[in-house]
Amino acid sequence: MSVRDLLRLAVGNLRENRLRTVLCALSVAVGAGALLLIAALGLLGQQKLSEGIRTLGVSGLTVYVDDRGAGQALSATVADAMSQAVSGVDCVMPIKAQSGTVRAGHASENVLFLGVDERLGEVMQLDVLAGDLLTRTQAQAAQPVAVVGDTLAQALYGRDNIVGRTIRLRLGGCDQDFTVCGVVRSQTSALGTAVASLAPHLVYIPYACLATSAQSADQVFVQCMSGADLSAVSGRISRYLTDRVQVDGTVRVQNMSGVADTVNRMAELGVGLFTAVGGVTLCVALIGVTCSMLAAAQEKTGEIGILLAIGAQPRDIRRLFLLQSTLLCAAGGLLGAGAVLGMLYAFATIIPDLWLTAALLALCIACGAAAGLLPAVRAARLDPIDAMRK
């Protein structure tokens, strides 16, 4: 039997009971649409999360001290000595944090001041939108310059590029005028509007404006050499600060790159779990298709017997039912994918990856063939004489 004849018979069988065909196609459409919607939103969320983590700009290692007691402070001087003494360390930068406010005209914002130096661009991946980061001269001379985020620039001046503008910083109860030397992409805005509204703006100023090189730093950012084992470097840093320097407290070294990897793995696991839930919906729809094909095979017993009697081969009967179930699931998959694509684009201006949509349609076709396998095999095994009698 030719492919054209099989296609004509399959389409004719689907048309004979249109209500059952429509209901089966709708069930597949719901299952396929749910699977595509969950997978598309999950992958989009995972992508946004990864971008947000990268935008935070923190990688490598961070060193801080807990349970401080008697001993030497983890200062900028100690950090510089550590960069020379510990192998695998490329560069270090001490961080001093202090909360405060920033004013420009009548606008005022709560911020977190971070004391940094000229190595800011080496230990943190910041997206510079305008101007430049701190220079060595500015950091060492404690010049009143600041690097701000674009969201803070918008809040203060209503535009992103405010390089050269003056902002008034309130530090330690005193007001000081600083000049904006650079604008970077806001690190908290990438995590979403809700998080950005709770997190303070970050303002980078020279470290010497907040502390001297001998005073205790809040954290030390460490950028390791390319290819270095972060776990091994972490151990060497901990031993150096504890045994040789004898800092005052318990040394903690956190692998920020490892934290980012852990978050990404958890996001991948969440996407997989939710996609599996969507797959269950599709499986339920395929069970319905299988039942429909079994019922169709029972109803067409006489016609199957006639086809076998006039020369059709059992493989032709198998192909007929496989083609029928495949067409049914393909139509349902197209309907479900089209509805979800239209909904995502209309309400969220999201266009799922075309490869994801193509993979879903291929899955529907494969599942349609699997759903029609049992009815096809049972129909092909019918005895022509017994089938015609029924």
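Residues numbered from 1 in each chain as written. Predicted model: local features only at pLDDT ≥ 70, side-chain atom pairs only at ≥ 80, totals over all residues. Heavy atoms only, no water.

### Remarks on helix H3 (residues 76-85)
Turning to step 1, where the next piece is worked out: Along H3, the positions that sit buried rather than exposed are Ala76, Val78, Ala79, Met82 and Ser83. On an axial view of H3, the arc spanned by its buried residues comes to 155°, and they lie on one face. (Buried < 20%, exposed > 50% of the residue type's maximum accessible area, 1.4 Å probe, protein only. Helix = DSSP H or I, 4+ residues; strand = E, 2+ residues; numbered from the N terminus. Arc of directions from axis to C-beta.)

### Thoughts on the nonpolar core
Turning to step 1, where the next piece is worked out: Judged by nonpolar contacts, the single largest core of 23 residues is most densely connected at Val28, Leu282, Val289, Leu328 and Leu360.
Turning to step 2, where the next piece is worked out: Mapped onto this core, the elements with two or more residues apiece are helix H2 (18-56), helix H9 (256-299), helix H11 (314-348) and helix H12 (354-371).
Turning to step 3, where the next piece is worked out: For this core, the element with the highest residue contribution is H2, accounting for seven residues.
Turning to step 4, where the next piece is worked out: When near neighbours in sequence (up to four residues on either side) are disregarded, leucine 360 contacts Ala32, Leu35, Leu36 and Ala337.
Turning to step 5, where the next piece is worked out: Membership of the second largest hydrophobic core comes to 21 residues, among which are Val111, Leu156, Leu171 and Leu210. (Core = buried A, V, L, I, M, F, W, Y, C linked by side-chain atoms within 4.5 Å. Contact = heavy atoms within 4.5 Å.)

### Focus on the pairing of strand E2 (residues 89-104)
Turning to step 1, where the next piece is worked out: In this sheet, strand E9 (residues 219-224) lies alongside E2 in antiparallel orientation, the contact comprising six bridges. Note on E9: the bridge partner recorded for methionine 93 is phenylalanine 221.
Turning to step 2, where the next piece is worked out: One ladder, built from nine bridges, connects E2 with strand E3 (residues 107-116); its direction is antiparallel. Bridged to lysine 96 within E3 is glycine 115.
Turning to step 3, where the next piece is worked out: Linkage of E2 to E3, two consecutive antiparallel strands, is achieved through a turn of two residues, within which glycine 105 is found at a positive phi near 70°. (Pairing = 2+ DSSP bridges.)

### Brief notes about the confidence of the model for the protein chain
Turning to step 1, where the next piece is worked out: With 88% of its residues at a pLDDT of 70 or more, the protein chain has an overall mean of 81.
Turning to step 2, where the next piece is worked out: At the low end of the mean pLDDT range in the protein chain sits helix H7 (residues 193-198), at 44; at the high end sits strand E5 (residues 145-149), at 93.
Turning to step 3, where the next piece is worked out: Below a pLDDT of 50 lies the segment residues 190-198, which in the model reaches eight contacts outside its immediate sequence neighbourhood of four places, other chains included. (pLDDT = per-residue confidence, 0-100.)

### Regarding the pairing of E3
Turning to step 1, where the next piece is worked out: Where E3 lies against strand E8 (residues 201-206), six bridges are found, and the strand directions are parallel. Bridge pairing links leucine 112 to leucine 202 in E8.

### Points about the environment of alanine 10
Turning to step 1, where the next piece is worked out: One can find alanine 10 in helix H1 (residues 3-16).
Turning to step 2, where the next piece is worked out: Once residues lying within four places of it in the same chain are set aside, the contact partners of alanine 10 are Leu320, Leu323, Gln324 and Leu327.

### Topic: the packing of H3 against helix H8 (residues 230-245)
Turning to step 1, where the next piece is worked out: Orientation of H3 relative to H8, taken along the N-to-C sense of each, is 120°, at an axis distance of 11 Å. The handedness of the crossing between H3 and H8 is right-handed. Together, Val78, Ala81, Met82 and Ala85 of H3 and Ile237, Tyr240, Leu241, Arg244 and Val245 of H8 make up the contact between the two elements.
Turning to step 2, where the next piece is worked out: Looking at side-chain class alone, the contact of H3 with H8 contains eight nonpolar, no polar and one charged residues. (Axes fitted to C-alpha atoms, helices over the stretch in contact; angles between N-to-C directions. Left-handed = near helix turned anticlockwise from the far one by under 90°. Nonpolar A, V, L, I, M, F, W, Y, C, P; charged D, E, K, R; others polar.)

### Quick notes on the environment of cysteine 181
Turning to step 1, where the next piece is worked out: Along the polypeptide, cysteine 181 turns up in strand E7 (residues 174-184).
Turning to step 2, where the next piece is worked out: With 33 residues separating them in the primary sequence, cysteine 181 and valine 148 have C-alpha atoms 8.4 Å apart.
Turning to step 3, where the next piece is worked out: Apart from residues no more than four positions distant in its own chain, cysteine 181 is found in contact with Gly131, Asp132, Leu134, Gln138, Val145, Ala146, Val147 and Val163.

### Things to note about a nonpolar patch on the surface
Turning to step 1, where the next piece is worked out: Side chains of Leu19, Val22, Leu23, Leu26 and Leu335 sit close together on the surface and give an oily, nonpolar patch of about 480 Å² of accessible area.
Turning to step 2, where the next piece is worked out: In terms of residue count, the dominant contributor to the nonpolar patch is H2 (four residues).
Turning to step 3, where the next piece is worked out: Within the secondary structure layout, leucine 335 lies in helix H11. (Patch = residues over 30% accessible without salt bridge, like charges linked within 9 Å, V, L, I, M, F, W, Y side chains within 5 Å. Areas by Shrake-Rupley, 256 points an atom, 1.4 Å probe, with all protein chains shown as cover. Salt bridge = Lys/Arg side-chain N within 4 Å of Asp/Glu carboxyl O.)

### Observations concerning unusual backbone geometry
Turning to step 1, where the next piece is worked out: Here alanine 142, not a glycine, exhibits a phi torsion of approximately 55°, which is positive.
Turning to step 2, where the next piece is worked out: Take alanine 142: it is sitting in the loop between helix H5 (136-140) and E5.
Turning to step 3, where the next piece is worked out: Despite not being glycine, glutamine 246 shows a phi value in the positive range, around 55°.
Turning to step 4, where the next piece is worked out: Tracing the backbone shows glutamine 246 in the loop between H8 and strand E10 (250-255).
Turning to step 5, where the next piece is worked out: Residue glutamine 246 is classed as exposed on the basis of its relative accessible area, which comes to 53%.

### So, the side chain of serine 325
Turning to step 1, where the next piece is worked out: Tracing the sequence through the fold places serine 325 in helix H11.
Turning to step 2, where the next piece is worked out: Accessibility expressed as a relative area gives 0% for serine 325, which makes it buried.
Turning to step 3, where the next piece is worked out: With sequence-adjacent residues up to four places away left out, serine 325 is seen in contact with Val289, Met293, Gly368, Ala369 and Gly372.

### Structural notes on the pattern of salt bridges
Turning to step 1, where the next piece is worked out: Evaluated as defined, the whole model comprises eight salt bridges.
Turning to step 2, where the next piece is worked out: Ionic pairing is found between glutamate 118 and arginine 136, a salt bridge with its closest N-O pair at 3.1 Å. Of this pair, glutamate 118 sits in the loop between E3 and helix H4 (120-123) while arginine 136 sits in helix H5, and the two are 18 residues apart along the sequence.
Turning to step 3, where the next piece is worked out: Glutamate 118 sits in the partly exposed class, given a relative accessible area of 24%.
Turning to step 4, where the next piece is worked out: Ionic pairing is found between arginine 168 and aspartate 177, a salt bridge with its closest N-O pair at 2.9 Å.
Turning to step 5, where the next piece is worked out: Note on arginine 168: relative accessible area 35%, which makes it partly exposed.
Turning to step 6, where the next piece is worked out: Judged by its relative accessible area of 41%, aspartate 177 falls in the partly exposed class.

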